[in-house]
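Examination of the molecular architecture
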Protein chains: 2
Amino acid sequence: MPEPHPIEIFIPEIRMLIQNKQFDELRNLLSEINPIDIADGLSRFPQEQQLLIFKLLGSVRSIEVFEELDMSEQQYLIQHLEDQTIAPLLEGIPTDVAAKLFKKLPERFVKKMTILMKKEKIEVVQNVLEYPAKSAGALMQTEYIVLTVDMTARSSIERLQASLRVRKNMLIHTLYVIGNNGKLLGGITVNTLIAAPPDIKVRDIMSPVSLLKISAKMDKEDAAKVFSRYKLISAPVVDEENRLMGILTVDDMVEVIQNADTEDIQRFGGVEVLDEPYFKVPFFKMIQKRGTWLSVLFIGEMLTATAIGFFEKEIAKAVVLVLFIPLIISSGGNSGSQAATLVVRAMALKEISFGDWWRVLRREFASGLVLGSILGAFGFLRIFLWSQFTNVYGPHYFFVALTVSIALLFVVLWGTLSGSLLPIVLRRLGVDPAVASAPFVATLVDVTGLIIYFSVGLFLLQGTLL
Amino acid sequence: MPEPHPIEIFIPEIRMLIQNKQFDELRNLLSEINPIDIADGLSRFPQEQQLLIFKLLGSVRSIEVFEELDMSEQQYLIQHLEDQTIAPLLEGIPTDVAAKLFKKLPERFVKKMTILMKKEKIEVVQNVLEYPAKSAGALMQTEYIVLTVDMTARSSIERLQASLRVRKNMLIHTLYVIGNNGKLLGGITVNTLIAAPPDIKVRDIMSPVSLLKISAKMDKEDAAKVFSRYKLISAPVVDEENRLMGILTVDDMVEVIQNADTEDIQRFGGVEVLDEPYFKVPFFKMIQKRGTWLSVLFIGEMLTATAIGFFEKEIAKAVVLVLFIPLIISSGGNSGSQAATLVVRAMALKEISFGDWWRVLRREFASGLVLGSILGAFGFLRIFLWSQFTNVYGPHYFFVALTVSIALLFVVLWGTLSGSLLPIVLRRLGVDPAVASAPFVATLVDVTGLIIYFSVGLFLLQGTLL
């Protein structure tokens, strides 16, 4: 049973406090609820109450709540809050959140934001805006603590303390050491600093970060893979000249990992990626995304009518073959999607690269043969045994059983091979292999599977049924 | 193009150093490679060289590398290393890794381990072993730092420093505050401690952790969701009496999230979950897992032969209907998988709960109608227009076009509804909705779609073709 979001528990109480105008009590209650839950529950209140709740949050927490809101809710707040509330808010939100607002909000909001924000912050945001949306640069935070090699552990901790007084809720795990021109030299974890003798120099305790820095232009999903592989909490983002541009933290990367997998799963299910929660996607936007894929697959499947059309004369003579059309094509489609799923996933996890195509081919050829034989044997037995009791498959039931089982063997083998190799070929051509999703492989195998089936039938049934 | 793992760069150099017996240089080189990369590359060396490399790592790094190895490699090392190397290793590995070894290794290894490990560590490991494999308790680490409410910030930092001297590479983000009987009272982040005045008492700066603690019996995937929702770096694990039992850290949770999604994707592709990398799964184990699913789906699809069998007489008269069998069933199957994908994913992300079934039904009914009309219109046009130029669909092509398009409307509507509601119903029955994977929905819709198709045909073509 899915449990209700924690905010549900508080909603009646918040409603009551608002009604009774007990704003001090409301302020206290709100301070006990996690900002993420407040953000989730905010839309349950009428818009003027949202403003009231938001104003009672206090400056640090209002920033945390704001970060978690949907774009439309952020827009409403920027539109309706007074300037003296928005200014510190805009100053406090992380660069990546501000950059997203700059990019997606209508012109007049951006204008309002730039008037209220400090010049330095705007420059930083514009810097982040120059990176493509899918890059690590677009996701980096520009609030971080830098040290120089000549500082001592003591003075480094003092700098950390000063920063923590200003930004209480910042996730600070590593402090970065820079040299001339802002070039990144190394990093020190907070824990290392604490354990170090106070007078030791930064140069003597810092670690080089040569392998674990992220290029600002790196794809954010690749950056997330670096985080997960090396179990990072934070990582420095650098430009081509190794200058420190910002940092990435694990909480943002967890989101990237989840979204990447959502995209993979949706592509596999034959849906263009929905980037909003199910109920929040506007109906016709959803229809458009789903309809496009269904139509593309539909047009592909129309070829099955053409394929069967070639064999219309034979079908009229041997209607019994029709009974197994869905069984044959679905077996090919299922084995193909299965192989595609395994290979796409293994490529995403870098277990398979292009150089492995020959190993994959050999393994999948063997798999296809074995799986095809299993299903073929099942099919043969079903038809053969059934025919001992009924006459549904006609007098030539033995040849029908043979046709179906041999066709199954070839169709499953063919499905397995195309399902496993298509993603590798697509990757080689520079196409995201996740678009070689299960339904596409299935459509390909449906059409070719029918041709295999009727060809086997023509060959084996010549002289008996045909 | 997938780039090679970083270890590839070092392998030739390591080989050369081993050959020349330059062990000091090798030790230095190894100290510059990330432990995770060493673990990845270890299997590229002959087993006696693996032992050599492992021994050159030094005690802290050998523990880090050991953690990352496959079970079979861990087993080999425990079998072949001298006791004086294994003892500190076993003492140093995290509880969850030790617990996994205890659970999966053969009896004699476990005996060897228990002889070499300290009694206290064995007790802790056995405690962890009591929790089910999928629970947070089985994954928790038991190395953490506890404070009491009467300690000062200064003495807390001193305790932290002492711990960091013993375990250099521990991820310590939060220190936990316990009261009588080990009950959990709150937590303080390292950053809060650093920023606090030295003489302030822990009770005055700690945060209550009421919402953000994890029950030891909680499913680990649910625990990972708490981490991702609240952007946690670490969280305390408690028993029913709120006693602190261990901690979970974000790096382990990232792994849980990735594995959960791999499982989802594999289930959606109609593969039983492979819990090892593609090339490492033994061939017949893979065949067994894939074969089982294909056979189950195959047996389901056999019903399509039965369904078509009911209409055999009609088919003999109207062979033209056969041409569209694959098109009809695949459209139903695709729209069903699409809806199932969206709903399963939305349930996993808690966007949809059982209470929403009516909203989902209404939305999917509307979606199904629109999508079905689109595909139906496509189908009608294709048959109608084609028939202006060829005679492939016979003299009654208008009725054929009408049959196909109306059947498409119903089949897509039906596919969408069953695809979206089946996962919700399964979840309600306590079954993991991911098993209502796309292929299963497709199989269900294949069989019922045929019945819809031929029923529409019977109704519309009575008197013309039939």
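Residues numbered from 1 in each chain as written. Chains lettered and ligands numbered in written order. Predicted model: local features only at pLDDT ≥ 70, side-chain atom pairs only at ≥ 80, totals over all residues. Heavy atoms only, no water.

**A word on the packing of aromatic side chains**
Per the counting criterion, the structure on display carries 24 aromatic pairs over all chains. Relative to F398 of chain B, the ring of F384 of chain B lies with its centre 6.5 Å away and its plane at 80°, an arrangement referred to as edge-to-face. Of the two residues, F384 of chain B is situated in helix α19 (residues 357-387) and F398 of chain B in helix α20 (residues 397-428); the sequence distance between them amounts to 14 residues. Taking relative accessible area as the criterion, F384 of chain B reaches 27% and is therefore assigned partly exposed. With relative accessibility at 37%, the residue F398 of chain B sits in the partly exposed group. Among the aromatic residues, ring-to-ring pairing joins F380, F384, Y397, F398 and F399 of chain A into one connected group. Its end group placed over the ring of F354 of chain A, R428 of chain A keeps NZ or CZ at 4.1 Å from the ring centre. Between R382 of chain B and the ring centre of W386 of chain B, over which it is positioned, the NZ or CZ distance is 4.3 Å. (Phe/Tyr/Trp six-rings, centres within 6.5 Å; stacked < 30°, edge-to-face > 60°. Helix = DSSP H or I, 4+ residues; strand = E, 2+ residues; numbered from the N terminus. Buried < 20%, exposed > 50% of the residue type's maximum accessible area, 1.4 Å probe, protein only. Lys NZ or Arg CZ within 6 Å of the ring centre and 35° of its normal.)

**With respect to helix α1 (residues 7-19) of chain A**
Residue and element names in this part refer to chain A. If you check α1, its first and last C-alpha atoms are 18 Å apart, about what 13 residues at 1.5 Å a residue would give, namely 18 Å. Looking at α1, one finds that the buried residues are I7, F10, I11, I14, L17 and I18. Those residues of α1 that are buried are in contact with α2 (23-31), α3 (35-41) and α4 (47-55). Note on α1: the residue one or two positions beyond its end, K21, has a positive phi of about 55°. (Expected span 1.5 Å × (residues − 1). Contact = heavy atoms within 4.5 Å.)

**A closer look at the relation of the copies chain B and chain A**
The two copies are related by a screw operation: chain B maps onto chain A through 180° of rotation and 0.1 Å of translation along the axis, at an RMSD of 0.2 Å. In the structure described here, the two chain copies are related by an operation that fits a two-fold rotation axis. Both copies contact each other with a shared surface, as 100% of the interface residues of chain B are interface residues in chain A too. (Least-squares fit on C-alpha atoms with pLDDT ≥ 70 in both.)

**Focus on the sheet that holds strand β5 (residues 234-238) of chain B**
The pairing of strands in a sheet happens through backbone hydrogen bonds and is either parallel or antiparallel. Residue and element names in this part refer to chain B. With mixed pairing, the three strands of this open sheet are ordered in space as β4-β5-β6. On the outer flanks of this sheet lie β4 (214-215) and β6 (244-249), each paired with one strand and no other. Bridge count for β5 against β6 is five bridges, and the pairing is antiparallel. Following the sheet pairing, V238 is matched in β6 by L244. (Pairing = 2+ DSSP bridges.)

**Topic: the pattern of salt bridges**
Two side chains with opposite charge may pair up if their charged atoms get near one another. In this structure the tally under the stated criterion is 30 salt bridges over all chains. Across the pair K217 of chain B and E240 of chain B runs a salt bridge whose closest N-O atoms are separated by 2.7 Å. Of this pair, K217 of chain B sits in the loop between β4 and α14 (220-230) while E240 of chain B sits in the loop between β5 and β6; the two residues are 23 residues apart in sequence, bridging distant segments of the chain. Each member of the pair K217 of chain B and E240 of chain B is classed as exposed. Look at the salt bridges and you will find they share partners, linking D37 and D40 of chain A together with R229 of chain B into a network. (Salt bridge = Lys/Arg side-chain N within 4 Å of Asp/Glu carboxyl O.)

**Let's talk about the interface of chain B and chain A**
The interface is formed by 120 residues belonging to chain B together with 120 residues belonging to chain A. Both sides of the chain B and chain A interface together cover about 11000 Å² of buried area, and 67% of this is carbon and sulfur. It is Y278, F279 and R363 of chain B that lose the most area in chain B upon contact with chain A, and together they represent 8% of the buried surface on that side. The tally of links between chain B and chain A comes to ten salt bridges. Between K231 of chain B and E255 of chain A there is a salt bridge whose closest N-O contact spans 4.0 Å. Per-element accounting of the side of chain B that touches chain A gives the leading share, 18 residues, to helix α16 (residues 283-309) of chain B. A breakdown of the residues in the side of chain B that touches chain A according to their chemical character gives 67 nonpolar, 27 polar and 26 charged. (Buried area = accessible area lost by both parts, 1.4 Å probe. Nonpolar A, V, L, I, M, F, W, Y, C, P; charged D, E, K, R; others polar.)

**Remarks on empty space enclosed by the protein**
Summed over the entire model, instances satisfying the criterion amount to seven cavities of 30 Å³ or more. Put simply, the second largest cavity is a space of about 90 Å³. Forming the walls of the second largest cavity are L171, I172, H173, T189, V190 and N191 of chain A together with I172, H173, T189, V190 and N191 of chain B. Residue composition of the lining of the second largest cavity, by class: five nonpolar, six polar and no charged. (1 Å grid on protein atoms, 1.4 Å probe; cavity = no way out; pocket = protein on both sides within 12 Å on 5 of 7 lines; lining within 4 Å. Points joined across faces, edges and corners; volume = space filled by probe spheres on them.)

**Topic: the packing of helix α8 (residues 95-104) of chain B against helix α10 (residues 119-129) of chain B**
Residue and element names in this part refer to chain B. Packing of α8 against α10 brings their axes to within 9 Å, and their N-to-C directions diverge by 75°. In terms of their interaxial angle, α8 and α10 are classed as roughly perpendicular. Contacts between α8 and α10 involve T95, A98, A99, F102 and K103 from the first element and V124, V125, V128 and L129 from the second. Looking at the contact of α8 with α10, its residues break down into seven nonpolar, one polar and one charged. (Axes fitted to C-alpha atoms, helices over the stretch in contact; angles between N-to-C directions. Parallel < 35°, antiparallel > 145°, perpendicular 65-115°, else oblique.)

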